[in-house]
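Below, each chain spelled out in residue letters.
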Amino acid sequence: MSEQPSPSTGKVVSSCDVVVVGAGIGGLYALHRLRSLGLDVQVFEAGDGVGGTWYWNRYPGARCDVESLFYSYSFSAELEQEWEWTERYPTQREILSYLNHVADRFELRRDIRLETRVTAAVYDEAARRWSVTTDRGDQVMAQFVVMATGCLSTWQIPAFPGVDSFQGERYHTGNWPHDPVDFAGKRVGFIGTGSTGIQAIPQIAKTARQLTVFQRTPNYAIPARNAPLRPGDQREVKARYREIRERMRTSPSGLPFAVAERAVLEEPPDLYLEALEEAWQAGGPPFLMMYRDVAVAEDANAIVADFVRSKIRETVRDPATAELLCPIDHPIGSKRICIEIEYFETYNRDNVELVDVRHSPVEEITPTGLRTSERTYELDVLVFATGFDAMTGTLLRIDIRGRGGVPLRERWADGPRTYLGLQVAGFPNLFTITGPGSPSVLSNMVVSIEQHVDWIADCITDLRAANLDTIEALPEAETIWVEHVNEVGAMTLYPKANSWYLGANIPGKPRIFMPYVGGVGVYRQYCDEVREAGYQGFVRSSPAGPADAPSPRAFATVTRYSKASAT
Ligand code: FAD
């Protein structure tokens, strides 16, 4: 970074080409890739270490739902070959070691300022630069800002009455202490039964004296069938990595498994039950890719959901508890599918109790426990696995102001609007990694992150080659894209669940289906076509004026997506 006076304020500030906010998988790769273009890059990270999600979410049982060999960077063949994964699904600890290795191997740390939160980013139209401010008082002028702030990085606790009065130990899984938490001999209350709860509950149950799980919504969970990776299997994947990665990039969800051609509604019960059993025994996310009609046809979805419910009833000995654990209010797959290890078996333990708070709601958290409408629970520890203000929450906590000083909070008052999930009209040279309107949380996110970073790096390279300094999305292109994202979302069963994909977990948050469900491969094609067509839907400019004639039909190609490709 260099020091220079800010044209607008006259104050001495630092300057660089790019400020990257966040040092998770996205921020680390953005730094590496943009630095390799010769750009001067400064990363700010709120945590005191790199790794993002895998730095913060250290709760017992934290693990990735994507297999380790696929949840990894593809940008360096050497890295791919040298890193040895130990299990089919990597633990938080293993991913964090991997990301620290990446930071060291590519000498990233020297450009990352830790324990520094970006509080504001304001576009200075005269200077054609962003002024970025941090909670440590830094002010940096940058030509580009890359928000690698994460989709699931602002954890939240519901506003239960009395929530701050609790005198025992209190934890949120998304902000877990660095030192191990000792549950031995303690009465633990656990709130939240989504992906995280399903991972943490079996682990905490092993040592707690009593574990009481307060459940509002039961969720579908597929067995992980986790196991140590056999050296031969790892070698085989490594030998074929180029081909496998290509398959992942062009797939619907960034995984190397194709969605089957077969439709459950076209098969007799004995055939589909056999197929489902086989997929259940194999475990993991491919279970939902067995049939192409599960995501779009309610009857097909009901068959698969019934199968999963039958497995829950087989596993949980107490019939009343089993019924409570059976999801009934949303289609399978319309919320993030959970991958479990001994989750349902945990309810067979004598020290675990399930409380249905839909039937008897939490009325108050007291200094010594929790009171529902039916009874009081005395607790030593309260654990919240209550999720995140997903996709927009972290961005909107930064005071981002674009042209004319317009705050992003105002632009997004009715829900997020982006062009390709990469940019917001009126916010030139500001990019979002896995922003709303891109496949993001519906995909293997490493694949989506790499695609976004590569697109941004190419975009900056092309700008510089054309002697231009600014790129911004056209409002018309943004509108066409937002309509397309909504349209495609509406073809699926996703909007049928009250999920965080829709912002339903945050009171007052606009109900918009935020991720792009069209698939990683289709989406990548759109992004590539936009670039090949000279950044269709964007306007690029220099201080002398716009270089491209903006086309109002900016994104006319958004018609290719059909119901068939939704599956
Ligand atoms: P993050 O890892 O969230 O990193 C963002 C960073 O930005 C954070 O470190 C944060 O501190 C920092 N930051 C935010 N705001 C500021 C600010 N204003 N100033 C400075 N720093 C800031 N994805 C999958 O594909 N498969 C999975 O199985 C999977 N499992 C998950 C399990 C859990 C428990 C969670 C929470 C997420 C999971 N994800 C999974 C999603 C996961 O978030 C992504 O895979 C990936 O790690 C995101 O990387 P990122 O760099 O985009 O964001």
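Cut-offs and rules
Residues numbered from 1 in each chain as written. Predicted model: local features only at pLDDT ≥ 70, side-chain atom pairs only at ≥ 80, totals over all residues. Heavy atoms only, no water. Helix = DSSP H or I, 4+ residues; strand = E, 2+ residues; numbered from the N terminus. Rg over C-alpha atoms; globule rule 2.2 N^0.38 Å. Buried < 20%, exposed > 50% of the residue type's maximum accessible area, 1.4 Å probe, protein only. Contact = heavy atoms within 4.5 Å. Areas by Shrake-Rupley, 256 points an atom, 1.4 Å probe, with all protein chains shown as cover. Lys, Arg positive; Asp, Glu negative; His and termini not counted. Charge placed at Lys NZ, Arg CZ, Asp CG, Glu CD. Salt bridge = Lys/Arg side-chain N within 4 Å of Asp/Glu carboxyl O. Pairing = 2+ DSSP bridges. Axes fitted to C-alpha atoms, helices over the stretch in contact; angles between N-to-C directions. Near = heavy atom within 4 Å. Polar contact = N/O pair within 3.5 Å; in protein donor to acceptor, adjacent residues only side chain to side chain. Phe/Tyr/Trp six-rings, centres within 6.5 Å; stacked < 30°, edge-to-face > 60°. Lys NZ or Arg CZ within 6 Å of the ring centre and 35° of its normal. Expected span 1.5 Å × (residues − 1).

**Digging into the overall build of the chain**
Part 1: When you go through the chain residue by residue, the secondary structure sums to 16 helices and 22 strands.
Part 2: A compact globule built from 567 residues would reach a C-alpha radius of gyration of about 24 Å, and the chain, at 24 Å, matches this within 12%.
Part 3: For the C-alpha atoms alone, the extent of the chain along its principal axes is close to 75 × 55 × 45 Å.
Part 4: Going through the 567 residues of the chain one by one, you find that 59% of them count as buried.
Part 5: Considering only intrachain contacts with a sequence separation of at least 6, the fraction spanning at least 24 residues in the chain is 71%.
Part 6: Surface accessibility of the chain: about 22600 Å² in total, with carbon and sulfur atoms responsible for 50%.
Part 7: For the chain, the separation between the mean place of its 58 positive charges and that of its 73 negative charges on side chains is 2 Å.

**Concerning the pattern of salt bridges**
Part 1: Under the defined criterion, the tally for this structure stands at 43 salt bridges.
Part 2: E67 is the salt-bridge partner of R88, the closest N and O atoms lying 3.4 Å from each other. One end of the pair, R88, is in the loop between helix 3 (77-82) and helix 4 (92-105); the other, E67, is in the loop between helix 2 (53-56) and helix 3, and 21 residues separate them in sequence.
Part 3: Among the ionic pairs, R371 bridges to E363, the shortest N-O distance being 2.9 Å.
Part 4: Residue classification places E363 among the partly exposed positions, given a relative accessible area of 39%.

**Remarks on the sheet that holds strand 16 (residues 376-378)**
Part 1: Strand order in the open sheet formed by three strands is 14-15-16, and the pairing between neighbours is antiparallel. The open sheet has two free edges, formed respectively by strand 14 (362-366) and strand 16, since each of these has just one partner strand. On average, each strand axis in the sheet is inclined to that of its neighbour by 15°, with strand direction left out of account.
Part 2: In the sheet, strand 15 (residues 369-372) pairs with strand 16 via three bridges, with the strands oriented antiparallel. When the sheet's bridge partners are listed, G369 is paired in strand 16 with E378.

**Remarks on the sheet that holds strand 22 (residues 545-546)**
Part 1: Taken in spatial order, the three strands line up as 20-21-22 in an open sheet, and their pairing is antiparallel. Strands at the two margins of the open sheet, each flanked by one partner only, are strand 20 (470-473) and strand 22.

**Considerations on the site of the ligand**
Part 1: What surrounds the ligand is a group of 35 residues, the closest being G26, E45, T53, D65 and Y71.
Part 2: The side chain of W54 places a nitrogen or oxygen atom 3.3 Å from an oxygen atom of the ligand.
Part 3: One of the backbone N or O atoms of V118 is found 2.8 Å from a nitrogen atom in the ligand.
Part 4: Calculation on the ligand without its partners gives an accessible area of 980 Å², and the protein chains cover 96% of this total.
Part 5: Counting only elements with at least two residues in the shell around the ligand, the list comes to helix 1 (25-35), helix 2 and helix 14 (445-465).
Part 6: For the shell around the ligand, the element with the most residues is helix 2, which contributes three residues.

**As for the packing of aromatic side chains**
What characterises a pair of aromatic rings is the spacing of the ring centres plus the angle enclosed by the ring planes.
Part 1: By the definition in use, this model includes 34 aromatic pairs.
Part 2: When the ring of Y419 is compared with that of F538, the centres are 4.8 Å apart and the planes differ by 55°; the resulting orientation is tilted. Placement of the pair is Y419 in the loop between helix 13 (408-411) and strand 19 (430-432) and F538 in strand 21 (residues 538-542), with a sequence separation of 119 residues.
Part 3: In this structure Y419 comes out as buried when scored by relative accessible area, which is 0%.
Part 4: Counting every residue linked through ring pairs, the aromatic cluster contains Y29, Y73, F75, W83, W85, Y98 and F106.
Part 5: One cation-aromatic arrangement involves R58 over Y55; the distance from NZ or CZ to the ring centre is 4.9 Å.

**A few points about helix 9 (residues 298-315)**
Because each turn of an α-helix spans 3.6 residues, side chains separated by three or four positions in sequence point in the same direction.
Part 1: Spanning 18 residues, helix 9 covers 26 Å between terminal C-alpha atoms, matching the ideal 26 Å at 1.5 Å per step.
Part 2: Here helix 9 has its buried residues at A300, N301, I303, V304, A305, F307, V308, R309, K311 and I312.
Part 3: Against the buried residues of helix 9 lie strand 11 (221-223), helix 8 (269-282), helix 10 (319-325) and helix 11 (343-346).

**Focus: the environment of T418**
Part 1: Position of T418 among the secondary structure elements: in the loop between helix 13 and strand 19.
Part 2: The exposure class assigned to T418 is buried, which follows from its relative accessible area of 3%.
Part 3: With 340 residues separating them in the primary sequence, T418 and E78 have C-alpha atoms 35 Å apart.
Part 4: Filtering out sequence-adjacent residues up to four positions away, T418 remains in contact with W412, Q423, V424, P436, G437, E478, W481 and V482.
Part 5: In this structure the side chain of T418 is engaged in a polar contact, spanning 2.9 Å, whose partner is the backbone nitrogen of G421.
Part 6: A distance of 2.8 Å separates the side chain of T418 from the backbone oxygen of P436, its partner in a polar contact.

Geometry only, nothing functional implied.
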